[in-house]
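# Structure assessment
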2 protein chains.
Amino acid sequence: MSAVVDLLRAELGDRVDITPAALEDARADKSGHRSTGAGLAVVHAATVADVQATMRIASATGTPVVVRGAGTGLAGGANTGPGEIALSLRGMDRILDVRPDDLLAVVEPGILNASLNTQLAEHGLWWAPDPASREISTVGGNIATGAGGLLCAKYGVVRDAVLALDVVLADGRLISVGHRSVKGVTGYDLTALMIGSEGTLGVVVGATLKLRRLVPGETRTLTATFADVRAAARAAASVTASGVQPAIMELMDAASLAAVHDLLSLPAPEPGAAQLTVQTDGADAAAAQAEIAELLTAAGGTVRLAADDAEAALLWRIRRSMHPAMERLGTTLIEDVSVPRSALPRMFDEIARIEAASGLTIPTVCHAGDGNLHPNFVFDGPEVPAHVWAAADELFRAALRLGGTLTGEHGIGILKRRWLADELGDDQLALQRGIKAVFDPAGVLNPGKVFTAAD
Amino acid sequence: MSAVVDLLRAELGDRVDITPAALEDARADKSGHRSTGAGLAVVHAATVADVQATMRIASATGTPVVVRGAGTGLAGGANTGPGEIALSLRGMDRILDVRPDDLLAVVEPGILNASLNTQLAEHGLWWAPDPASREISTVGGNIATGAGGLLCAKYGVVRDAVLALDVVLADGRLISVGHRSVKGVTGYDLTALMIGSEGTLGVVVGATLKLRRLVPGETRTLTATFADVRAAARAAASVTASGVQPAIMELMDAASLAAVHDLLSLPAPEPGAAQLTVQTDGADAAAAQAEIAELLTAAGGTVRLAADDAEAALLWRIRRSMHPAMERLGTTLIEDVSVPRSALPRMFDEIARIEAASGLTIPTVCHAGDGNLHPNFVFDGPEVPAHVWAAADELFRAALRLGGTLTGEHGIGILKRRWLADELGDDQLALQRGIKAVFDPAGVLNPGKVFTAAD
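Residues numbered from 1 in each chain as written. Chains lettered and ligands numbered in written order. Predicted model: local features only at pLDDT ≥ 70, side-chain atom pairs only at ≥ 80, totals over all residues. Heavy atoms only, no water.

Let us now look at the relation of the copies chain B and chain A. Between the two copies of the chain lies a relationship made up of a rotation around an axis and a movement along it. Each copy superposes on the other: chain B lies on chain A with an RMSD of 0.0 Å after a rotation of 180° and an axial shift of 0.0 Å. Taken together, these values place the two copies in the relation of a two-fold axis. Here 100% of the contact residues of chain B are again contact residues in chain A; the copies associate through an equivalent surface. (Least-squares fit on C-alpha atoms with pLDDT ≥ 70 in both. Contact = heavy atoms within 4.5 Å.)

Next up on the list: the sheet that holds strand E15 (residues 302-305) of chain B. Residue and element names in this part refer to chain B. Strand order in the open sheet made by the 7 strands is E15-E12-E14-E13-E17-E18-E16, with antiparallel pairing throughout. Looking at which strands have only one partner, the edges of the open sheet turn out to be E15 and strand E16 (331-334). When the angles between neighbouring strand axes are averaged without regard to direction, this sheet yields 20°. The pairing of strand E17 (residues 364-367) with strand E18 (residues 372-379) spans 4 bridges and is antiparallel. If you follow Val 365 over to E18, its bridge partner there is His 374. Across the sheet, helix H8 (residues 229-242) touches strand E12 (219-226), strand E13 (248-252) and strand E14 (274-281), and the angle it forms with E13 is around 165°. (Pairing = 2+ DSSP bridges. Helix = DSSP H or I, 4+ residues; strand = E, 2+ residues; numbered from the N terminus. Axes fitted to C-alpha atoms, helices over the stretch in contact; angles between N-to-C directions.)

Here we come to the nonpolar core. A general trend in soluble globular proteins is that nonpolar side chains are found buried together. Counting residues in hydrophobic clusters, the biggest one holds 172 residues, and the most contacted among them are Leu276(A) and Leu276(B). Apart from residues lying up to four places away in sequence, Leu276(A) is in contact with Leu222(A), Thr223(A), Ala224(A), Phe226(A), Ala232(A), Ala235(A), Ala236(A), Met249(A), Glu250(A), Leu251(A), Leu296(A) and Ala368(A). (Core = buried A, V, L, I, M, F, W, Y, C linked by side-chain atoms within 4.5 Å. Buried < 20%, exposed > 50% of the residue type's maximum accessible area, 1.4 Å probe, protein only.)

Residue and element names in this part refer to chain B. The buried fraction of strand E8 (residues 162-168) is high, at 6 of 7 residues. In the sheet, E8 pairs with strand E10 (residues 203-210) via 6 bridges, with the strands oriented antiparallel. Residue pairing in the sheet places Asp 166 in a bridge with Gly 206 of E10.

With that settled, the discussion passes to the UniProt feature "domain: FAD-binding PCMH-type" (unreviewed entry) in chain A. UniProt's entry tags residues 35-214 of chain A with the feature "domain: FAD-binding PCMH-type" (unreviewed entry), counted in the numbering of this structure. Helix and strand shares over residues 35-214 of chain A are 22% and 25% respectively, and the end C-alpha atoms of the span are 41 Å apart. (UniProt positions renumbered as here; feature names shortened; annotations may be inferred.)

Turning our eyes to something else, we now look at the sheet that holds strand E16 (residues 331-334) of chain A. Residues and elements named next belong to chain A. One open sheet accounts for 7 strands, arranged E15-E12-E14-E13-E17-E18-E16; its pairing is antiparallel. Either end of the sheet is taken by a strand with one partner, and the two such strands are strand E15 (302-305) and E16. Direction aside, neighbouring strands of the sheet carry axes that sit 20° apart on average. Two strands pair when backbone bridges link them, and strand E12 (residues 219-226) and strand E14 (residues 274-281) are joined in this way by 8 bridges, in the antiparallel orientation. Directly across from Thr 219, in E14, lies its bridge partner Asp 281. With respect to the sheet, helix H9 (residues 254-263) is in contact with strand E13 (248-252), E14 and strand E17 (364-367), its orientation differing from that of E13 by roughly 90°. Where helix H14 (residues 386-401) meets the sheet, it contacts E16 and strand E18 (372-379), and its direction lies at approximately 170° from that of E18.

Residues Asn113(A), Ala114(A), Leu116(A), Asn117(A) and Leu120(A) constitute the buried set of helix H4 (residues 113-121) of chain A. The buried residues of H4(A) occupy an angular sector of 155° when projected down its axis, which confines them to one face. (Arc of directions from axis to C-beta.)

With that settled, consider the domain arrangement of chain A. Residue and element names in this part refer to chain A. When cut into domains, chain A gives domain 1 (3-88), domain 2 (95-213), domain 3 (219-401) and domain 4 (419-455). Here the C-alpha centroids of domain 1 and domain 2 sit 22 Å apart. In total, domain 1 and domain 2 occlude about 1100 Å² of area from one another, counting both sides; carbon and sulfur atoms represent 69% of this. At the surface where domain 1 touches domain 2, the tally comes to 0 salt bridges. Taken together, domain 1 and domain 2 are joined by 2 residue pairs in polar contact (both at pLDDT 80 or more). (Domains from an automatic or database assignment. Buried area = accessible area lost by both parts, 1.4 Å probe. Salt bridge = Lys/Arg side-chain N within 4 Å of Asp/Glu carboxyl O. Polar contact = N/O pair within 3.5 Å; in protein donor to acceptor, adjacent residues only side chain to side chain.)

With that settled, the discussion passes to the interface of chain B and chain A. Between chain B and chain A, the residue contacts involve 74 residues of the former and 74 residues of the latter. Here chain B and chain A share an interface that buries about 6100 Å² over both sides, 57% of which is from carbon and sulfur atoms. Three residues stand out in chain B for area buried against chain A, namely Arg159(B), Lys183(B) and Tyr188(B), and they jointly supply 16% of the buried area on that side. For the pair chain B and chain A, the number of links is 9 salt bridges. Arg159(A) is the salt-bridge partner of Asp189(B), the closest N and O atoms lying 3.0 Å from each other. Applying the counting rule to chain B against chain A returns 39 residue pairs in polar contact (both at pLDDT 80 or more). Within the residue set of the side of chain B that touches chain A, elements represented by two or more residues are strand E9 (174-178), helix H7 (190-194), H8 and helix H15 (420-439) of chain B. The element best represented in the side of chain B that touches chain A is H15(B), accounting for 12 residues. When the residues that make up the side of chain B that touches chain A are grouped by side-chain class, the tally is 26 nonpolar, 31 polar and 17 charged. (Nonpolar A, V, L, I, M, F, W, Y, C, P; charged D, E, K, R; others polar.)

All names here are of chain A. As for its placement among the helices and strands, Val 339 is situated in the loop between E16 and helix H13 (344-358). Given a relative accessible area of 0%, Val 339 falls into the buried group. Linking Val 339 and Asp 166, residues 173 residues apart in sequence, is a C-alpha distance of 32 Å.

Before going further, it helps to examine the packing of aromatic side chains. Residues and elements named next belong to chain A. One pass over the structure, following the stated rule, counts 8 aromatic pairs over all chains. Aromatic side chains Trp 126 and Tyr 155 sit 5.1 Å apart centroid to centroid with 80° between the ring planes, which places their arrangement in the edge-to-face category. Separated by 29 residues along the polypeptide, Trp 126 in strand E7 (residues 125-126) and Tyr 155 in helix H6 (residues 152-155) bring together distant segments of the chain. Of the two residues examined, Trp 126 and Tyr 155, each falls in the buried class. Plain terms: the ring middles of Trp 389 and Trp 419 are 5.2 Å apart, the flat faces sit at 40° to each other, and that makes the pair tilted. Of the two residues, Trp 389 sits in helix H14 while Trp 419 sits in the loop between H14 and helix H15 (420-439), which places them 30 residues apart along the sequence. By way of ring pairs, the aromatic residues Trp 389, Phe 396 and Trp 419 are connected into one cluster. When the ring centre of Trp 389 is taken as reference, the NZ or CZ atom of Arg 418 above it lies at 5.1 Å. (Phe/Tyr/Trp six-rings, centres within 6.5 Å; stacked < 30°, edge-to-face > 60°. Lys NZ or Arg CZ within 6 Å of the ring centre and 35° of its normal.)

To continue, consider the pattern of salt bridges. Residues and elements named next belong to chain B. Summed over the entire model, instances satisfying the criterion amount to 53 salt bridges over all chains. Among the ionic pairs, Arg 15 bridges to Asp 50, the shortest N-O distance being 2.7 Å. Of this pair, Arg 15 sits in the loop between helix H1 (3-12) and strand E1 (16-17) while Asp 50 sits in helix H3 (residues 48-61); the two residues are 35 residues apart in sequence, bridging distant segments of the chain. What makes Arg 15 partly exposed here is its relative accessible area of 33%. For Arg 304, the salt bridge identified is with Glu 311, shortest N-O distance 2.6 Å. Classification of Glu 311 as buried rests on a relative accessible area of 18%.

The next point concerns the packing of H15(A) against H15(B). Remark: H15(A) packs on H15(B), axes separated minimally by 9 Å, with the N-to-C direction vectors making an angle of 150°. Of the possible angle classes, the one that applies to H15(A) and H15(B) is roughly antiparallel. Considering how the two elements wind past one another, H15(A) and H15(B) form a crossing that is right-handed. On H15(B), the residues that touch Leu431(A), Gly434(A), Ile435(A), Val438(A) and Phe439(A) of H15(A) are Leu431(B), Gly434(B), Ile435(B), Val438(B) and Phe439(B). A per-class count over the contact of H15(A) with H15(B) returns 8 nonpolar, 2 polar and no charged. (Parallel < 35°, antiparallel > 145°, perpendicular 65-115°, else oblique. Left-handed = near helix turned anticlockwise from the far one by under 90°.)

Right, here's the structure in full:
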């Protein structure tokens, strides 16, 4: 057994797990990709002190640490390989404080997003970030990746929903960044810097979350079916341009719809047809729904209003079943490009072009309310084939040309490192590496993630 | 004439201004404080290339550069002193793009906040940050300080309203950070890092702003008068806790009210009385106003609903006249502490305690909707007397004890440098200094601001 494991055991006892099952589990996330081999150990941290002890030992011995929540990432950011410690925060899942009068909660990072929101609902409150994985992903993971979700256009992204963080540094010291007040501009905004930093700058061990009050009134759901995906994308862009604000507006292309209908044993959809599913909420849910229905009809859609909550729930189940439907078909590379909303039709043109050129089918769902697309590549075996990477490369370049980004909400992890410089440019990349070196001079925090050694 | 000015002149010609009036003007902002003497030159940049040329010369010669907008800062952050170049971006004031379909605008930094919003209104759009100085302050300055304003509780802070920035680095290179899409998590969030960095990391030469649609419906205004400031603060906290969301909720204490009424030649207010002024907006403006009126009455307030827009305008003029009213009394040190909203009554207790202990009167206005207080110290002459700093020191410590911050929206500048470590702690301060060194290894970007040489 390694000397590092001995040191961890001496301080952390049976929180140090070296069972093959635990090590195997820590190799992968939900991206379908895994590390080249088992890590040294999984530390199941129960307290901030456990995290500090782990980081002290890691720093002293130069051992890489990969922070993990529930392992639901989609970019390989938490995959733990040979010579690395997996530091699991999943067990640190308490809500430490809820303040309805200040619209904030203080939580540990391991709490599941859905579990947090169930408990907040008792206070009439919620935390807006709602990644599709919300039932199974942790708040800490949401913060580490800057996970977005379906509600971002109306209710904001993670950066808008975090006031303060407690962070254990690479050498085990604990700092607090941010504040409990709505406003605060003392020094650089390290809270925002930590959000989306994917375990490369420090370990988030506590978060002060900015909450919203539950939206009063009902929600309404509709679907609109279009002859093809471009028509659906154009219709979605026209909703945004009109000024009416859906809470959620999701697009599924024909291949996605077909796969999900098959998974759920629903009747096969019209061939080639794409679908928008739109939720409105608040006091004017019905009026907004009527306005959107009119816009979508004018754009050539066949609109159906969900008759009741049960039908609405089925419609959302269809959307939320995309990931399991893809997983059933093979190994999936889920891409995550994001573009300005007016560019959605052009982005779907680019996807069609890439499909034609590569001979691949690229089932795509899209958070059409905010312009974030998830094109899926499905293949056999654990490795992304070169021709798939070549098609993904085309996809990334198209998104950047349209003023968008490689990743809207999944992060860079290992899967998009190669394209980091394409988006940032060499000058910005050097600054980002400089920041990394300030926080982690010894390079023990998730090395090889986000940045490659060669960048 | 200095060699640096010769170099600037050779590249920038008559954009280099060394007239005594210009140099004198660049010594001060609206804090009432000024640098120890005149700077080298004011560069009136007209283009990004001008900014790049200035920074190249500054870097090559080791000359400090102080970036300025309209000079409305309140912390001395843009004050330019001996040996320094003032780099004015005020002349770069174009709107480069407005995209109603993507809810964004691309602007140069020198545009005035109010001017931008006048032009955006033609498109049915607005940019939410609304510092009290909005008629005279630039968007670039708003971004550099993280300026907040009155609407933050309902409509967010600057960090929530900027998608991307173009930044000239210390050595003159130009980078772009962020993206035009709603979502994006590629690498560290340098957009957020730049916001509030007070000219110490780079020069913002372009901003992609996240816009909102103009809120449909009317606005409604009311005032409520309370026997004392604590009662008013308690009432404001009860409004936040109730869940009804004002657009604006402002508090003025007795000394502030008296000074403004005197300035505007209005009848003197009731001695000791404090006042809340509350605006509601949107489709439910009237209903929200009625609910707030009921809460404030129950909290002991005497409520008056503004009969019409003219009366509402007068009420807001009273609030917005605070700064001129104070300026008339002497040199003003305007503090800017921010606390969680539930702590407002306790913060006013602390102010009363500090007033009693110091023998000072501390007229205070407060963005009660978000917990940001502006206690004013008024004195004679250009220097803050020691006993005023001692009282301010007590104020800062009280805000930090309550979970708040030194500065909600004005920044650190020169006036709060001494307390930076008190809020951040030494470990975080060292990281912030490390980031500064990554961006500005030669120390030419606003040296001596935010950080002291000795921190």
